[in-house]
Amino acid sequence: MFSIATRARQLSTPASQLLYRCQSTLVIAEHNNEKLNPVTLHAITAAKQLGGDINCLVVGTKNCGEVATQVAEIGGISKLLVAENPAFEGFLPEKLAPVLVASQSQFNFTHIVAGASAFSRSLLPRVAAKLDVSPISDIIGVKDADTFVRTIYAGNAVMTLRSKDPVKVITVRSTAFEAAAGSGGSAAMEQVATPDGLPENSKYVGAELSKSDRPDLASAKVVVSGGRGMKSGDNFQMLYTLADKMGAAVGASRAAVDAGMVPNDMQIGQTGKIIAPELYIAVGISGAIQHLAGMKDSKVIVAVNKDAEAPIFQVSDYGLVADLFKAVPEITEKI
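Everything in this summary refers to the structure shown in the same document. Every value quoted in this text rests on a predicted model; they were computed, and no experiment measured them.

What counts and how
Residues numbered from 1 in each chain as written. Predicted model: local features only at pLDDT ≥ 70, side-chain atom pairs only at ≥ 80, totals over all residues. Heavy atoms only, no water. Helix = DSSP H or I, 4+ residues; strand = E, 2+ residues; numbered from the N terminus. Buried < 20%, exposed > 50% of the residue type's maximum accessible area, 1.4 Å probe, protein only. Contact = heavy atoms within 4.5 Å. Expected span 1.5 Å × (residues − 1). Salt bridge = Lys/Arg side-chain N within 4 Å of Asp/Glu carboxyl O. Axes fitted to C-alpha atoms, helices over the stretch in contact; angles between N-to-C directions. Parallel < 35°, antiparallel > 145°, perpendicular 65-115°, else oblique. Left-handed = near helix turned anticlockwise from the far one by under 90°. Nonpolar A, V, L, I, M, F, W, Y, C, P; charged D, E, K, R; others polar. Pairing = 2+ DSSP bridges.

1. Section: the overall build of the chain
Check the secondary structure of the chain and you find nine helices and 14 strands. Principal-axis analysis of the C-alpha atoms gives the chain an extent of 80 × 55 × 35 Å. Taking all 335 residues of the chain together, 47% fall into the buried category. Sequence-distant contacts, at least 24 apart, represent 66% of the contacts inside the chain between residues at least 6 apart.

2. Considerations on helix α4 (residues 93-107)
End to end, α4 covers 21 Å across 15 residues, agreeing with the expected 21 Å (1.5 Å per residue, within 8%). Along α4, the residues classified as buried are P93, E94, K95, L96, A97, V99, L100, S103 and Q104. Its buried side turned inward, α4 meets β1 (24-28), β2 (53-60), β3 (79-84), β4 (111-115) and α5 (118-131). In the stretch just after α4, N108 is the one whose phi turns positive, near 55°.

3. What to know about unusual backbone geometry
Only a minority of non-glycine residues have a phi that is not negative, and only a minority of peptide bonds are not trans. Not every positive phi belongs to a glycine, and N108 is a case in point at roughly 55°. Mapped onto the elements, N108 comes out in the loop between α4 and β4.

4. A look at the side chain of S298
Within the secondary structure layout, S298 lies in the loop between α8 (289-295) and β13 (300-305). The buried category is assigned to S298, whose relative accessible area is 7%. Among residues more than four places away in sequence, those in contact with S298 are I275, A276, P277 and Y280.

5. Regarding the pattern of salt bridges
Under the counting rule described, the total for this entry stands at seven salt bridges. With a closest N to O distance of 3.4 Å, K79 and E190 form a salt bridge. Residue K79 is found in strand β3, and its partner E190 is found in strand β9 (residues 188-191); the two are separated by 111 residues along the sequence. When the shortest N-O distance is used, the salt bridge between R254 and D258 registers 3.3 Å. Of this pair, R254 and D258 both sit in helix α7 (residues 254-258), four residues apart, which is roughly one turn of the helix.

6. Looking at the packing of α4 against α5
The interhelical angle for the contact between α4 and α5, taken along N-to-C directions, is 50°, at an axis separation of 9 Å. As judged from the angle between their axes, α4 and α5 are oblique. Crossing of α4 against α5: the hand is right-handed. In this structure, α4 uses P93, E94, L96, A97, L100, V101 and Q104 to contact α5, whose residues at the interface are F119, S122, L123, L124, R126, V127, K130 and L131. The residue inventory of the contact of α4 with α5, partitioned by class, reads 10 nonpolar, two polar and three charged.

7. Quick look at the sheet that holds strand β12 (residues 279-283)
Spatial strand order, β11-β10-β12-β13-β14: five strands in an open sheet with parallel pairing. Each edge of the open sheet is held by one strand with a lone partner, namely β11 (249-252) and β14 (318-321). Taking each pair of neighbouring strands and ignoring which way they run, the sheet shows an average axis angle of 15°. Alignment of strand β10 (residues 222-226) against β12, held across five bridges, turns out to be parallel.

Structure, rendered in structure tokens:
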């Protein structure tokens, strides 16, 4: 004869299994209509840790079929939703948000996920506001479907939070999750209609993008970065020479950017790019908290600074106390 407690457990088990089966995640694919941004692969890894079905949304102009094919081949994706319209040129958040809201209304996802980037930071808070939920930004860990880990106070503290919202709108710090394998999948594609009455309060005019033969800063395996100690933008040429020999990308601290030495797309830190290369070489960087938040997850950190008390040496694996104007040319010559 079963006890009341045993009978209660039997009745509760199917409900929990049903809840798990109903759980589904929508991953927003970031791309340029030609190639998928690697941050999406990291977001998919986080989505797998949430459990349930994984769907992916590709929104772009009429020529994003190649991107859709790339996404469909990623393992673990159940369905690929594709929305193509010339109105999506420039990926303006005002135009894309209605597509996400309409998809949410149709499929009732439990999670909406994207890699943390300028794209997702402008889009997902708008979507969260439309859905009347609180966005969860820049997570570094997944405890369960409702509980997440993220850093606060410029990375000096780690917070575990539980969300009770019916749908969780999440951005994922790419350096905290491995990239999902780009093969092994065969997701079914489904076209999504563009909602009527897209906002007309903004218009894409154009973009001027800097071009470089060096690796992209966000995904480079080796990064050489300069700070206030470089003294001028002209002196960054020695870092460019070193980087070209190493096949590395070049970054900078906020102090160097604010001083006008280099453009702001090179900034690494809390308000810049957050990276985790195999090797990070910090030249003339003191190691302010704001900067450390963007690079402390690097596998190996090398610091060159003439100030032996600089905070950067507290997080570096290797440190060289020397005048950078002598040390960098010597390092370059020996490579």
